[in-house]
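# An overview of the molecular structure
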Amino acid sequence: MTTQPTQTPVAPSAPDAGRSPSLLGRARGLELQEYALAGVVVLLFVAGAILRPDTFPTWDNIRNMLTQASVVGVLAIGMTFVIATAGIDLSVGSMVAAAGVFGGILVDSNPNSLVFILGAVAFATLLGTANATAVAYGRVVPFIATLAMFSIARGLALLLNDKLPVGLLDLNGGSFGQPGAFSLLWFGTGRLLGIPVSVYVFLAITIGGWVLLNRTRYGRYVVAVGGNREAARIAGVPVRRIIFSVYVLSGLLAGVATVLLCARLGSASPVSGNLYELDAIGAVVIGGTSLAGGRATIVGTFLGVLTFALIFSLMTQLNLSTEVQQVTKGAIVLGAVLLQRPEARY
């Protein structure tokens, strides 16, 4: 006769029970970094108000700053998911240009906002899918795969319309109904309660990205793949599918960014989106997402986008040259990476 071992009742675990001290430390450190970055945003705004009291804190300047930041912000949300898996996407700026020109060609003879939006988003998603296939199933290093797409997409942007921009001012209306309402240009110049429509789009994508990363199994899988790919595979995580999906998501959001940019400019240019990938990566890195993977924060990315927007708006109003702004941008990104160095895996 065998006896069953007795089991001692276990008390309900606390929310942090079962998590290793290192993981708890990283999570709390990330929260502190987000609070610190929020403080930086406030200080930058105060500094701008002191240095340029007549122009910097005005509603018009804030509105313009947020409108410009929304394009890079949408790209940065997608980049957060890619970097969370220890990947990188160097092609999003070129995809913005190629998707815009492709959408412009579609509506060249039949001005229609819906056709442009769907065409641009679909083309950018297709390019993102090519990246995803190369990285996830072709096992090409993300840096090389997306660097190749950086060149391919930019070349397509130049080839599709013989290096010429495509005017989109005639798309004011299309199949969306009343002229001026919910048209392509409405996404660039329209306002709701005095706030640009593009800002609402950026906020909606930010909120959606936060929920996806922090409140779904998919988000946990993304972080797990970036933290330890082999352990994630052993635990049953579909590693290749997760990696595939983040590059497709990055391409999809590049398409959304294309719509916002072309709507604001009223045209699609083959040279648009230049260095947007660096702006997106910079915002993600200073926001606290680890380039080594396994740690990501949508809130930090959002604050990183605002930080860059404030810095470059202030430098523009101080009449600093573009060269100085580029040097400053590189120095900020380098400093953020150096702060992450103890966590990097070599």
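What counts, and where the lines are drawn
- Residues numbered from 1 in each chain as written.
- Predicted model: local features only at pLDDT ≥ 70, side-chain atom pairs only at ≥ 80, totals over all residues.
- Heavy atoms only, no water.
- Helix = DSSP H or I, 4+ residues; strand = E, 2+ residues; numbered from the N terminus.
- Buried < 20%, exposed > 50% of the residue type's maximum accessible area, 1.4 Å probe, protein only.
- Areas by Shrake-Rupley, 256 points an atom, 1.4 Å probe, with all protein chains shown as cover.
- pLDDT = per-residue confidence, 0-100.
- Contact = heavy atoms within 4.5 Å.
- Salt bridge = Lys/Arg side-chain N within 4 Å of Asp/Glu carboxyl O.
- Polar contact = N/O pair within 3.5 Å; in protein donor to acceptor, adjacent residues only side chain to side chain.
- Phe/Tyr/Trp six-rings, centres within 6.5 Å; stacked < 30°, edge-to-face > 60°.
- Lys NZ or Arg CZ within 6 Å of the ring centre and 35° of its normal.
- Patch = residues over 30% accessible without salt bridge, like charges linked within 9 Å, V, L, I, M, F, W, Y side chains within 5 Å.
- Axes fitted to C-alpha atoms, helices over the stretch in contact; angles between N-to-C directions.
- Parallel < 35°, antiparallel > 145°, perpendicular 65-115°, else oblique.
- Left-handed = near helix turned anticlockwise from the far one by under 90°.
- Nonpolar A, V, L, I, M, F, W, Y, C, P; charged D, E, K, R; others polar.
- Expected span 1.5 Å × (residues − 1).

Next up on the list: the overall build of the protein. Summing up its helical and strand segments, the protein has 13 helices and four strands in all. Taking all 346 residues of the protein together, 47% fall into the buried category. As presented, the protein carries roughly 17100 Å² of accessible surface, and 65% of it is formed by carbon and sulfur atoms.

With that settled, consider the confidence of the model for the protein. For the protein, the mean per-residue pLDDT works out to 87, and 86% of the residues sit at or above 70. When pLDDT is averaged over each element of the protein, helix 10 (residues 239–265) comes out on top at 97 and helix 1 (residues 21–51) at the bottom at 79. pLDDT under 50 marks residues 1–20. Its contacts with residues more than four places away, or in other chains, come to four contacts. Taken together, the stretch residues 174–179 has pLDDT below 50 and engages in 14 contacts with residues farther than four places along the chain or on a different chain.

Turning next to the environment of Gly78. You can see Gly78 is positioned in helix 2 (residues 59–84). The spatial distance from the C-alpha of Gly78 to the C-alpha of Ile205 is 9.4 Å, given a sequence separation of 127 residues. For Gly78, the residues in contact, after removing those within four places along its chain, are Ser250 and Leu253.

A few words now on the pattern of salt bridges. Enumeration over the complete set of coordinates arrives at three salt bridges. A salt bridge links Arg233 to Glu230; the nearest nitrogen and oxygen atoms lie 2.8 Å apart. Of this pair, Arg233 and Glu230 are both found in helix 9 (residues 229–234), three residues apart, which corresponds to roughly one turn of the helix. Taking relative accessible area as the criterion, Arg233 reaches 41% and is therefore assigned partly exposed. Of the charged contacts in the structure, one is a salt bridge between Lys329 and Asp279, with a shortest N-O distance of 2.5 Å. Residue Lys329 is located in helix 13 (residues 322–340), and its partner Asp279 is located in helix 11 (residues 276–287); the two are separated by 50 residues in the primary sequence.

With respect to the helices and strands, Ser70 occurs in helix 2. For Ser70, a relative accessible area of 1% corresponds to the buried category. At a separation of 3.5 Å, a polar atom in the side chain of Ser70 contacts the side chain of Ser198. The residues touching Ser70, leaving out its near neighbours within four places in the chain, are Ser198, Val199, Phe202 and Leu260.

Before going further, it helps to examine the packing of aromatic side chains. Overall, the coordinates contain seven aromatic pairs when judged by the stated rule. Measuring from ring centre to ring centre gives 5.8 Å for Phe45 and Phe56, while their planes differ by 55°; the resulting arrangement is tilted. Within this pair, whereas Phe45 is found in helix 1, its partner Phe56 is found in the loop between helix 1 and helix 2, the two being separated by 11 residues in sequence. When its relative accessible area of 0% is taken as the criterion, Phe56 is described as buried. Between the NZ or CZ atom of Lys329 and the centre of the ring of Phe312, over which it lies, the distance is 5.3 Å.

On the surface, a cluster of nonpolar side chains totalling about 420 Å² of accessible area is made up of Val140, Val141, Phe143, Ile144 and Leu147. Structurally, Ile144 is set in helix 5 (residues 142–160). The exposure class of Ile144 is partly exposed, given its relative accessible area of 47%.

A few words on the packing of helix 3 (residues 92–106) against helix 4 (residues 113–137). In the contact formed by helix 3 and helix 4, the axes pass within 8 Å of each other and the chain directions differ by 140°. Between helix 3 and helix 4, the interaxial angle falls into the category oblique. Viewed along their axes, helix 3 and helix 4 form a crossing whose handedness is right-handed. For the pair formed by helix 3 and helix 4, the contact residues are Met95, Ala98, Ala99, Gly100, Phe102, Gly103, Gly104 and Leu106 on the first element and Val115, Phe116, Gly119, Ala120, Phe123, Ala124, Leu127, Gly128 and Asn131 on the second. The class makeup of the residues in the contact of helix 3 with helix 4 is 11 nonpolar, six polar and no charged.

What follows covers the packing of helix 3 against helix 10. Contact pair helix 3 / helix 10: the axes reach a minimum separation of 8 Å and the direction vectors enclose 60°. On the basis of their axis angle, the class for helix 3 and helix 10 is oblique. You can see that helix 3 and helix 10 cross each other, and the crossing is right-handed. Counting all contacts with helix 3, which are made through Val92, Met95, Val96, Ala99 and Gly100, the residues of helix 10 involved are Ser250, Gly251, Ala254, Ala257, Thr258, Leu261 and Cys262. Residue classes in the contact of helix 3 with helix 10 are distributed as eight nonpolar, four polar and no charged.

With 20 residues, helix 12 (residues 298–317) extends 29 Å from end C-alpha to end C-alpha; this agrees with the ideal 28 Å at 1.5 Å per step. Across the 20 residues of helix 12, 17 count as buried, placing the element largely inside the fold. The distance from a side-chain oxygen at the start of helix 12 to the backbone nitrogen of Val299 is 3.4 Å, and the residue carrying that oxygen is Thr297. Immediately beyond the C-terminal end of helix 12, within one or two residues, lies Asn319, with a positive phi of roughly 60°.

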